[in-house]
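# Summary of the model geometry
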Amino acid sequence: QVQLVESGGGLVQPGGSLRLSCAPSGIIFSIYNMGWYRQAPGKQRELVATITTGGSTSYTDSVKGRFTISRDNAKNMMYLQMNSLKPEYTAVYYCKVMRFTDTWGQGTQVTVST
C-alpha cells in the first residue's frame, strides 16, 4: 500500500547541482520521519540524510554543507537539494519512510561525470 516515487536524477557535471523529489503515498506523510539513502555501484546502501516530523535534519559527514534535505507536509513532498556535486556521489538515490524497513521505491539515478 505504501508507495515511494523518486524523481529528479540525471547526468550532471562535477560542481553542478540537482534537486531530487520524493512523492510518498499511502501514508499520513506529516507524522513520519523521512530520509534519503543512496547506493553506489559495488557498495552498500547508505543513509545520506534524515528529516524528522518537526523538521530537524541530519547528514552523513561526506555531504555536509553540500546537501539539504527538506519537506513540505502540505504537499506531501520531500526533497534533496544537492550542490557542488562530486563524481563519488554517483549512485541510485532512494526516498525512505524510516520506520517502514521493508518498503523501497525504484530510486532515481544520479551520475556525476564530464
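Quick summary incoming for the structure in this document. (Residues numbered from 1 in each chain as written. Predicted model: local features only at pLDDT ≥ 70, side-chain atom pairs only at ≥ 80, totals over all residues. Heavy atoms only, no water.)

One open sheet accounts for four strands, arranged S1-S3-S8-S7; its pairing is antiparallel. Strands at the two margins of the open sheet, each flanked by one partner only, are strand S1 (3–7) and strand S7 (67–72). Ignoring strand direction, the axes of neighbouring strands in this sheet form an average angle of 15°. (Pairing = 2+ DSSP bridges. Helix = DSSP H or I, 4+ residues; strand = E, 2+ residues; numbered from the N terminus. Axes fitted to C-alpha atoms, helices over the stretch in contact; angles between N-to-C directions.)

For the rest of this paragraph, the subject is the sheet that holds strand S2 (residues 10–12). Strands sit in the order S2-S10-S9-S4-S5-S6 across an open sheet of six strands; the sheet is mixed. Two strands close off the open sheet at either side, each with one partner strand: S2 and strand S6 (57–59). On average, each strand axis in the sheet is inclined to that of its neighbour by 25°, with strand direction left out of account. Both strand S4 (residues 34–39) and strand S5 (residues 46–51) contribute to a ladder of five bridges, which runs antiparallel. Bridge pairing in S5 links Met 34 to Ile 51.

Tallied over the full model, the rule gives two salt bridges. Note that Arg 38 and Glu 46 form a salt bridge whose closest N and O atoms lie 2.7 Å from each other. The exposure class of Glu 46 is partly exposed, given its relative accessible area of 31%. Among the salt bridges present, the one from Asp 61 reaches Lys 64, with a minimum N-O distance of 2.9 Å. (Salt bridge = Lys/Arg side-chain N within 4 Å of Asp/Glu carboxyl O. Buried < 20%, exposed > 50% of the residue type's maximum accessible area, 1.4 Å probe, protein only.)

Among the nonpolar cores identified, the biggest contains 29 residues, and Trp 36, Phe 67, Met 78, Leu 80, Met 82 and Tyr 93 are the most heavily contacted of them. Elements with a contribution of two residues or more to this core: strand S3 (18–25), S4, S5, S7, strand S8 (77–82), strand S9 (91–97) and strand S10 (108–112). Considering each element in turn, this core owes the most residues, four residues, to S9. Setting aside anything within four residues of it in sequence, one finds Leu 80 in contact with Leu 18, Arg 19, Leu 20, Trp 36, Ala 49, Phe 67, Thr 68, Ile 69 and Tyr 93. (Core = buried A, V, L, I, M, F, W, Y, C linked by side-chain atoms within 4.5 Å. Contact = heavy atoms within 4.5 Å.)

A few words now on the environment of Ser 58. Checked against the element boundaries, Ser 58 lands in strand S6. Judged by relative accessible area, Ser 58 falls into the partly exposed class, the value being 35%. If we skip the residues at most four places from it in the chain, Ser 58 touches Val 48, Ala 49 and Thr 50. A polar contact of 2.4 Å, which involves the side chain of Ser 58, links it to the side chain of Thr 50. (Polar contact = N/O pair within 3.5 Å; in protein donor to acceptor, adjacent residues only side chain to side chain.)

On to the packing of aromatic side chains, then. Tallying each qualifying case throughout the model produces four aromatic pairs. Taken together, a centroid distance of 5.1 Å and an interplanar angle of 55° make the contact between Tyr 32 and Phe 100 tilted. With Tyr 32 in the loop between S3 and S4 and Phe 100 in the loop between S9 and S10, this residue pair connects regions lying 68 residues apart in the sequence. We classify Tyr 32 as buried; its relative accessible area is 17%. Both rings, one in Phe 67 and one in Tyr 89, keep their centres 5.2 Å apart while their planes meet at 70°; by these two values the pair is edge-to-face. One end of the pair, Phe 67, is in strand S7; the other, Tyr 89, is in the loop between S8 and S9, and 22 residues separate them in sequence. Each member of the pair, Phe 67 as well as Tyr 89, is classed as buried. One aromatic cluster is present, formed by Tyr 37, Tyr 94 and Trp 104 through successive ring pairs. Sitting over the face of the ring of Tyr 94, Arg 45 holds its NZ or CZ atom 4.8 Å from the ring centroid. (Phe/Tyr/Trp six-rings, centres within 6.5 Å; stacked < 30°, edge-to-face > 60°. Lys NZ or Arg CZ within 6 Å of the ring centre and 35° of its normal.)

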